[in-house]
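Results of the structural survey
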Amino acid sequence: AVPMQRAILESSSYEDDAVATCLNLVPDDGVFVDIGANIGAFTCAFAARRPRFRGRIHAIEPVSGNFAALKANIRLNGLGRRVTLDRLALGEQPGELTMHIEPDGSSNNAVGDNMLAAHDRLAVAERNWRRETVPMTTLDEWAGRRAITRCDLIKIDVEGAEPMVFKGGMQFLARCRPAICGEFNPYWMGQSGWTMPDVI
């Protein structure tokens, strides 16, 4: 595991205040969607701290190494009956997305091709970031395929691509009106011309 992931595994702690807020936003029969689930820090903490939870958690993560760890963490914590996993990216349009993964990063985070400005592409090439191509769909299409008619909370952390995810999920968001807990990276958002007012 990379340093951030190792710290989570060793301490059993990650953004406890944000997790506590999320716990308060979803009733016991609710639906929680974790977009950019990484290795499952939010998903596992949510499920483990809510033993009476009888709803559904959907964890979405495109990066292969993170997804393998996410899958293992769900199994190790005995959460398989409550958590649905999908390895894909969400965006404005369905198709494929090339992800660029930090080679020596602290978090194994990745940035999609659709987020990189010209000077970023040069820096990524020079630092030899690993690449992998993943399927991409929209939040609307994914929710329809999964027959999700309710969502109480979305936790989203997709390295600045949040506006693209929201644009591809306008029908779902309007229908379900979930609370949203997110990390919004102004640098990567800015590379694609997005700002926080766009998110709002």
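Residues numbered from 1 in each chain as written. Predicted model: local features only at pLDDT ≥ 70, side-chain atom pairs only at ≥ 80, totals over all residues. Heavy atoms only, no water.

Across the five residues that make up strand β1 (residues 31-35), a large majority, five, are buried. Of the two faces of β1, the one carrying Val31, Val33 and Ile35 and the one carrying Phe32 and Asp34 are both buried. Sheet topology note: the β1/strand β2 (residues 56-60) ladder contains five bridges and is parallel. Looking at the pairing, Phe32 lines up with Ile57 of β2. What joins β1 to β2 is helix α3 (residues 41-49), and the crossover it makes is right-handed. Two elements, β1 and strand β8 (residues 153-156), share four bridges in a ladder whose sense is parallel. Note on β8: the bridge partner recorded for Val33 is Ile154. (Buried < 20%, exposed > 50% of the residue type's maximum accessible area, 1.4 Å probe, protein only. Helix = DSSP H or I, 4+ residues; strand = E, 2+ residues; numbered from the N terminus. Pairing = 2+ DSSP bridges. Right-handed = clockwise from strand over helix to strand, strands pointing away.)

A few words now on the environment of Gly65. Note on placement: Gly65 falls in helix α4 (residues 64-76). In sequence terms Gly65 and Asn38 are 27 residues apart; their C-alpha atoms lie 9.0 Å from each other.

Right, let's get into the environment of Ala48. Considering the arrangement of structural elements, one finds Ala48 in helix α3. Remark: the alpha-carbon pair of Ala48 and Gly78, spanning 30 residues in sequence, is separated by 9.2 Å.

Another aspect to go through is the nonpolar core. By size, the foremost hydrophobic cluster in this structure holds 22 residues, and its most contacted members are Val33, Ile35, Leu90, Leu139, Trp142, Ile154 and Phe172. Within the residue set of this core, elements represented by two or more residues are β1, α6 (139-145), β8, α7 (162-167) and α8 (170-176). Leu139 has contacts with Ile35, Leu90, Ile154, Val165, Gly168, Gly169, Phe172 and Leu173, leaving out every residue within four places of it along the chain. Within the second largest apolar cluster, 21 residues are counted, among which are Cys22, Cys44, Ala47 and Leu153. (Core = buried A, V, L, I, M, F, W, Y, C linked by side-chain atoms within 4.5 Å. Contact = heavy atoms within 4.5 Å.)

In this structure, Asn38 is a non-glycine residue whose phi angle is positive, near 55°. Of note, Asn38 is situated in the loop between β1 and α3. On the basis of relative accessibility, which here comes to 13%, the residue Asn38 falls in the buried class. Of note in this structure, Arg177 is not a glycine but carries a positive phi near 45°.

Moving on to the confidence of the model for the protein chain. On average, residues of the protein chain carry a pLDDT of 84, and 84% of them reach 70 or more. Here helix α1 (residues 3-11) is the element of the protein chain with the lowest mean pLDDT, 54, and α6 is the one with the highest, 98. (pLDDT = per-residue confidence, 0-100.)

Strand order in this open sheet of five strands is β3-β2-β1-β8-β9, and the pairing throughout is parallel. The outermost strands of the open sheet, each flanked by one partner alone, are β3 (83-86) and β9 (179-182). Each strand of the sheet is rotated relative to its neighbour by a mean of 15°, with strand direction disregarded. (Axes fitted to C-alpha atoms, helices over the stretch in contact; angles between N-to-C directions.)

Enumeration according to the criterion identifies two aromatic pairs in this entry. The interplanar angle of 35° and the centroid separation of 4.8 Å between the aromatic rings of Phe32 and Phe46 together place this pair among those described as tilted. Here the residue Phe32 occupies a position in strand β1, and Phe46 occupies one in helix α3, the gap between them amounting to 14 residues. For the pair formed by Phe32 and Phe46, the shared burial category is buried. When the ring of Phe46 is compared with that of Phe53, the centres are 5.2 Å apart and the planes differ by 90°; the resulting orientation is edge-to-face. The residues Phe46 and Phe53 share a single accessibility class, namely buried. (Phe/Tyr/Trp six-rings, centres within 6.5 Å; stacked < 30°, edge-to-face > 60°.)

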